[in-house]
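# A look at the structure
What follows is the residue order along each chain.
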Amino acid sequence: MTGPTGGGHDGGVTRPRIALAMMDGLADFAFRPEHWARLEAVGELIDRRPLVAFDDDRAAAVLGQADVLVGHWGCPTLTAEVLALAPDLALFAYAAGTVKWQVVDAVWERDIVVTSAAAANARPVAEYTVAMIVLAGKGALLYAERERDPEVAVPLDPMRVGNLGKRIGLVGASFVGRLVIELLSAYDLQVAVSDPYLSADEAERLGVQLMALDELCAWCDVLSLHAPDVPATRHMIGAPQLAALRDGATVINTARGALIDHDALVAEVQARRLAAVLDVTDPEPLPAESPLRRLPNVILTPHIAGAMGREVWRLADLAVAEVERFAAGEPPLHPVRQVDLDRIA
Ligand SMILES: NC(=O)c1ccc[n+]([C@@H]2O[C@H](COP(=O)([O-])OP(=O)(O)OC[C@H]3O[C@@H](n4cnc5c(N)ncnc54)[C@H](O)[C@@H]3O)[C@@H](O)[C@H]2O)c1
């Protein structure tokens with residue numbers, strides 16, 4: 001039903017008709033009873049069984065009625081053909097992080113409001129990052145390896161071990177980067193950020209130093225990446241940036257593998273000059289023979305930093321909140337804008 005503002009794109013839709021689209025079986029886990037109840041309180045669920053494809057008769061029938069589409073992992077792309085099936089669609093609330101591959105120009109041309117749950121997905125990534133920063137600062141990786149094998153040397157300068165006053169360099173004042181800054185404020189650490197879109201005033205407000213990337217690399221003990229994978233960031237951490245890092249520094253990548261030149265990284269970690277914590281790699285997964293799988297100064301995890309297990313309920317919380325706001329005629333919490341697509345994840 002269309003609200004008082006006609007198209008309803010800004011003012012929302014009173015008791016919107018809600019469709020869902022995601023991979024088969026995900027909704028049973030990703031949405032808790034309270035999420036279903038909240039959706040049913042503000043709108044009408046057209047079909048509680050999410051669409052897994054947009055090219056069958058059920059999809060045509062469901063999309064034909066939908067004011068709101070709640071998407072999640074596995075949601076097919078909203079192409080112009082799909083949009084033609086959904087004449088009333090006014091809100092696409094994506095209950096996961098990166099939404100730019102789900103939408104095409106036609107979505108923006110139709111003025112459909114797009115929201116993402118990247119802000120909620122940022123929380124576990126920031127928690128993982130901070131845990132790794134603290135362990136790296138303590139030299140825990142290398143000491144743990146020596147406990148397994150007493151012959152292993154721990155090549156750490158005692159003056160540089162420990163977390164008092166350590167220098168943490170963050171690349172990207174993203175949702176994740178900002179949350180890392182917030183969580184690190186509980187520690188006795190120095191934090192600096194490199195981000196071409198971050199103003200000096202905003203950096204001051206965040207309580208961090210703003211640095212160019214090369215300056216940041218030369219300054220920090222731990223370099224942690226939180227920028228998006230876009231053409232401008234591909235291999236932004238290459239041989240020169242890695243060479244600029246001080247001996248014993250740690251590189252943490254929870255962003256995307258393409259940000260690091262992996263050949264250059266392998267050379268530095270094989271030489272034991274740097275340590276690395278990699279939740280994402282290029283390629284992903286790494287080939288079985290990659291040295292990054294075996295080196296004791298590398299922690300490798302299989303892209304687990306983002307929401308997993310019970311953490312996915314946070315994503316549903318945020319997407320449902322966007323639907324509630326839409327139904328109440330309130331502006332979205334986290335709108336995604338077409339103009340930002342080349343600088344966001
Ligand atoms: N490992 C995981 O499971 C996981 C989960 C969620 C997100 N991620 C990744 O984490 C990263 C951050 O995600 P997000 O949602 O917080 O990002 P975001 O969209 O909130 O922010 C991206 C920010 O990066 C900054 N940026 C753009 N170009 C830059 C550059 N050249 N140098 C430095 N900063 C630059 C911009 O200020 C932009 O705001 C992304 O790479 C994302 O894909 C990984």
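In this text the structure is predicted, and so the values were computed from the model without any measurement.

Turning our eyes to something else, we now look at the pattern of salt bridges. For the structure on display, the rule yields 17 salt bridges. What emerges from the salt-bridge pattern is a single network uniting Arg-17, Asp-67 and Asp-88.

What follows deals with the pairing of strand β11 (residues 275-278). Neither face of β11 is exposed, since Ala-275 and Val-277 on one face and Ala-276 and Leu-278 on the opposite face are all buried. Of the pairings in the sheet, the one linking strand β10 (residues 250-253) to β11 comprises 4 bridges and is parallel in character. The residue of β11 that forms the bridge with Ile-252 is Val-277. Following the chain from β10 across helix α12 (residues 262-270) to the adjacent parallel β11, one finds a crossover that is right-handed. As paired strands, β11 and strand β12 (residues 298-300) are joined by 3 bridges and run parallel to one another. Bridge assignment links Val-277 to a residue of β12, and that residue is Ile-299.

Attention shifts here to unusual backbone geometry. What is expected of a backbone is that most residues other than glycine have negative phi and most peptide bonds are trans. For the peptide bond that leads from Asp-282 to Pro-283, omega is 0°, which places it in the cis range. Tracing the chain through its elements places Pro-283 in the loop between β11 and β12. The omega torsion across Glu-284 and Pro-285 is 0°, close enough to zero to call that bond cis. The residue Pro-285 is located in the loop between β11 and β12 in this model. Its identity as a non-glycine residue notwithstanding, Arg-15 has a phi of 40°, on the positive side. In this structure, Arg-15 sits in the segment before β1 (17-21). In this structure, His-303 takes a positive phi of about 55° despite not being glycine. Within the fold, His-303 resides in the loop between β12 and α13 (312-327).

Once that is clear, we can look at the site of the ligand. Near the ligand, the surroundings consist of 28 residues, among which Val-176, Asp-195, Ala-227, Gly-306 and Ala-345 are the closest. Within the side chain of Asp-195, one N or O atom sits 2.6 Å away from an oxygen atom of the ligand. Its free accessible area being 870 Å², the ligand has 90% of it covered by the protein chains. Every element with two or more residues in the shell around the ligand is listed here: α6 (118-138) and α8 (175-184). Ranked by residue count, the leading element in the shell around the ligand is α6, at 3 residues.

Looking now at the packing of aromatic side chains. Under the criterion given, the structure shown has 3 aromatic pairs. With a centroid separation of 6.2 Å and 45° between ring planes, the pair formed by Phe-29 and Trp-313 is classed as tilted. Of this pair, Phe-29 sits in helix α1 (residues 26-30) while Trp-313 sits in helix α13, and the two are 284 residues apart along the sequence. Considering the side-chain rings of Phe-31 and Trp-36, the 5.5 Å spacing of their centres and the 40° angle between planes classify their relative orientation as tilted. Owing to a relative accessible area of 3%, Phe-31 belongs among the buried residues under this scheme. The ring centre of Trp-313 lies 4.0 Å from the NZ or CZ of Arg-32, which sits over that ring. A cation over a ring is seen here: Arg-48 above Trp-36, with NZ or CZ 4.3 Å from the ring centre.

All right, on to the domain arrangement of the protein chain then. For the protein chain, the domain assignment lists domain 1 (7-116 + 309-343) and domain 2 (122-300). The C-alpha-based centres of domain 1 and domain 2 are spaced at 35 Å. Taken together, the contacts link 7 residues of domain 1 with 8 residues of domain 2. Applying the counting rule to domain 1 against domain 2 returns 0 residue pairs in polar contact (both at pLDDT 80 or more).

Sheet strands line up and pair through hydrogen bonds in the backbone, either parallel or antiparallel. Strand order in the open sheet formed by 5 strands is β2-β1-β3-β4-β5, and the pairing between neighbours is parallel. Pairing within the sheet leaves two strands with one partner each, and these edge strands are β2 (44-45) and β5 (113-115). Taken together, the 4 bridges between β1 and strand β3 (residues 68-71) define a ladder with parallel strand orientation. Across the sheet, the residue bridging to Ile-18 is Val-68, located in β3. Seen against the sheet, α13 touches β1, β3, β4 (91-94) and β5 and runs at an angle of roughly 160° to β4.

Quick look at the state of the cysteines now. Overall, the coordinates contain 0 disulfides when judged by the stated rule. A disulfide-free cysteine, Cys-217 has its sulfur positioned 5.9 Å from the sulfur of Cys-220, the nearest such atom. Accessibility expressed as a relative area gives 0% for Cys-217, which makes it buried.

Basis of the calculations
Note that residues are indexed from 1 along each chain, following the sequence as it is written. Local features in this predicted model are restricted to residues whose pLDDT is 70 or higher, and side-chain atom pairs enter the listing and the counts only when it is 80 or higher, whereas totals over whole chains, interfaces and linings include all residues. The side-chain figures draw on all heavy atoms in the structure; neither hydrogens nor water molecules are used. By convention in these notes, a salt bridge is any Lys or Arg side-chain nitrogen within 4 Å of a carboxyl oxygen on Asp or Glu. Categorising residues by exposure relies on relative accessible area from a 1.4 Å probe, with only protein chains included: less than 20% of the type maximum marks a residue as buried, more than 50% marks it as exposed, and the intermediate range marks it as partly exposed. Helix and strand assignments follow DSSP, with helices taken as H or I runs no shorter than four residues and strands as E runs no shorter than two, numbered in order from the N terminus. Here the rule is simple: two strands pair whenever DSSP picks up at least two bridges between them. If the strands point away from the viewer and the path from the first strand over the helix to the second runs clockwise, then the crossover is right-handed. If a single non-hydrogen atom of a residue is within 4 Å of a molecule or strand, that residue counts as near it. N or O atoms within 3.5 Å of each other form a polar contact, as long as, within protein, one can give a hydrogen and the other can take it, and as long as residues adjacent in sequence are counted only when both atoms are side-chain atoms. All accessible-area figures derive from a Shrake-Rupley calculation using a 1.4 Å probe, and residue coverage is judged against the displayed protein chains alone. Centres within 6.5 Å are what make two rings of Phe, Tyr or Trp a pair, Trp counting through its six-membered ring; a difference in plane orientation under 30 degrees is then read as stacked, over 60 as edge-to-face, and the rest as tilted. A ring has a charge above it when a Lys NZ or an Arg CZ is no more than 6 Å from the ring centre and no more than 35 degrees off the ring normal. Throughout the structure description, domain borders are defined by an automatic or database domain assignment. Whether two residues touch is decided by their heavy atoms; if any such pair falls within 4.5 Å, the residues are in contact. Orientation is described by axes fitted as lines to C-alpha atoms, over the contacting stretch for helices, and by angles from 0 to 180 degrees between their N-to-C directions. The definition used for a disulfide is geometric: two cysteine sulfur atoms within 2.5 Å.

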